[in-house]
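# Observations on the model geometry
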Amino acid sequence: GQQVMQIPQYQHVQEGEDFTTYCNSSTTLSNIQWYKQRPGGHPVFLIQLVKSGEVKKQKRLTFQFGEAKKNSSLHITATQTTDVGTYFCAGRNTGTASKLTFGTGTRLQVTL
Amino acid sequence: NAGVTQTPKFQVLKTGQSMTLQCAQDMNHNSMYWYRQDPGMGLRLIYYSASEGTTDKGEVPNGYNVSRLNKREFSLRLESAAPSQTSVYFCASSPPLGHFYEQYFGPGTRLTVT
């Protein structure tokens, strides 16, 4: 079955440093979504990428979808303590429109 | 709008006991999902319902059953709980195709099986 892996599993940064998490799928995806889960909370949708090579920005967050539509990345510039949480990518295959396969997640800790 | 609601928030079961986790959404979404979340494993799909009247197995369906009672409600039943089912369970829903099709999650049920 489809597998979606994320690296790193955990990263600890000082506030103001940059952070990147990488997402890799074993199969080609029709689109990919990113979610954020705060400690003790539930996942919350951040963004969806659909096109090969697509890049989207949300303030300090930059999302990329690979040319082959098998990988994606999330980059946070100048992290803040409010960025703490676990970031998940979730991929959808063509023909399985209802289902998402979630990545293993990257937990981000930010300290002053 | 309450969004996606789940009951109970916490539950402790003994091995072999049964229980039903309830989920409801008030966003008129077609699709609903049940996930479990374990440390280091991400979110794994247990069952989903693409539309009212249909249910399908996800990645980890063994030991669980579901019922799509109506468009709003999707329940998850553990017939004979096992310690391996200790986890956090999330229900989610998503709007019809043509939108972003993002998933909206409930607050979760933290289940411990002793």
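All values reported here derive from a predicted model rather than from experimental measurement.

## Side note on the overall build of chain B
Along chain B, the regular secondary structure elements total 0 helices and 11 strands. The C-alpha radius of gyration computed for chain B amounts to 13 Å, which stays within 12% of the reference 13 Å derived for 114 residues, consistent with globular compactness. Among the 114 residues that make up chain B, the fraction classed as buried is 49%. One way to put it: in chain B the 10 positive side-chain charges average out to a point 7 Å from where the 8 negative ones average out.

## Side note on the packing of aromatic side chains
Inspection of every chain in the model, using the stated rule, returns 13 aromatic pairs over all chains. On the basis of an interplanar angle of 85° and a centroid distance of 5.9 Å, the ring pair of Y35 of chain A and F105 of chain B is categorised as edge-to-face. Here Y35 of chain A, found in strand β4 (residues 31-37), pairs with F105 of chain B, found in strand β10 (residues 104-105), and the two come from separate chains. Residue Y35 of chain A shares its accessibility class with F105 of chain B, and that shared class is buried. With centroids separated by 6.3 Å and ring planes inclined at 85°, the aromatic side chains of F90 of chain B and F105 of chain B adopt a geometry described as edge-to-face. Remark: F105 of chain B occurs in strand β10 and F90 of chain B occurs in strand β9 (residues 87-94); sequence separation between them is 15 residues. For the pair formed by F90 of chain B and F105 of chain B, the shared burial category is buried. In textbook terms, an aromatic cluster arises when at least three aromatic residues are bridged by ring pairs, as seen for Y35, F45, F88 and F102 of chain A together with Y33, Y35, Y48, F90 and F105 of chain B.

## Quick word on the environment of L112 of chain A
All names here are of chain A. Examined against the element boundaries, L112 turns out to sit in the segment after β11 (106-111). A relative accessible area of 78% places L112 in the exposed class. Sequence spacing of L112 and V13 is 99 residues, and the spatial spacing of their C-alpha atoms is 8.9 Å.

## Describing the pattern of salt bridges
Between side chains of opposite charge, a pair can form as their charged atoms come close. All names here are of chain B. For the structure on display, the rule yields 5 salt bridges over all chains. Note that D38 is salt-bridged to R36, the shortest N-O span being 2.9 Å. On the accessibility criterion, D38 (12% relative accessible area) is buried. Its salt-bridge partner being R44, residue D38 comes within 2.8 Å of it at the nearest N-O pair. When sorted by exposure, D38 lands in the same class as R44, which is buried. In the salt-bridge network here, residues are joined through shared partners; they are R36, D38 and R44.

## As for the pairing of strand β1 (residues 4-7) of chain B
Residue and element names in this part refer to chain B. Only one face of β1 is covered, namely the one carrying V4 and Q6; the face carrying T5 and T7 has none of its residues buried. Relative to strand β3 (residues 19-25), β1 is paired through 4 bridges, and the arrangement is antiparallel. Residue pairing across strands places T5 opposite A24, the latter belonging to β3.

## Some words on the sheet that holds β1 of chain B
All names here are of chain B. With antiparallel pairing, 4 strands are arranged side by side in an open sheet as β1-β3-β8-β7. In the strand order of this sheet, the two ends are held by β1 and β7 (64-68), each with one partner. Direction aside, neighbouring strands of the sheet carry axes that sit 15° apart on average.

Calculation notes
- Residues numbered from 1 in each chain as written.
- Chains lettered and ligands numbered in written order.
- Predicted model: local features only at pLDDT ≥ 70, side-chain atom pairs only at ≥ 80, totals over all residues.
- Heavy atoms only, no water.
- Helix = DSSP H or I, 4+ residues; strand = E, 2+ residues; numbered from the N terminus.
- Rg over C-alpha atoms; globule rule 2.2 N^0.38 Å.
- Buried < 20%, exposed > 50% of the residue type's maximum accessible area, 1.4 Å probe, protein only.
- Lys, Arg positive; Asp, Glu negative; His and termini not counted.
- Charge placed at Lys NZ, Arg CZ, Asp CG, Glu CD.
- Phe/Tyr/Trp six-rings, centres within 6.5 Å; stacked < 30°, edge-to-face > 60°.
- Salt bridge = Lys/Arg side-chain N within 4 Å of Asp/Glu carboxyl O.
- Pairing = 2+ DSSP bridges.
- Axes fitted to C-alpha atoms, helices over the stretch in contact; angles between N-to-C directions.

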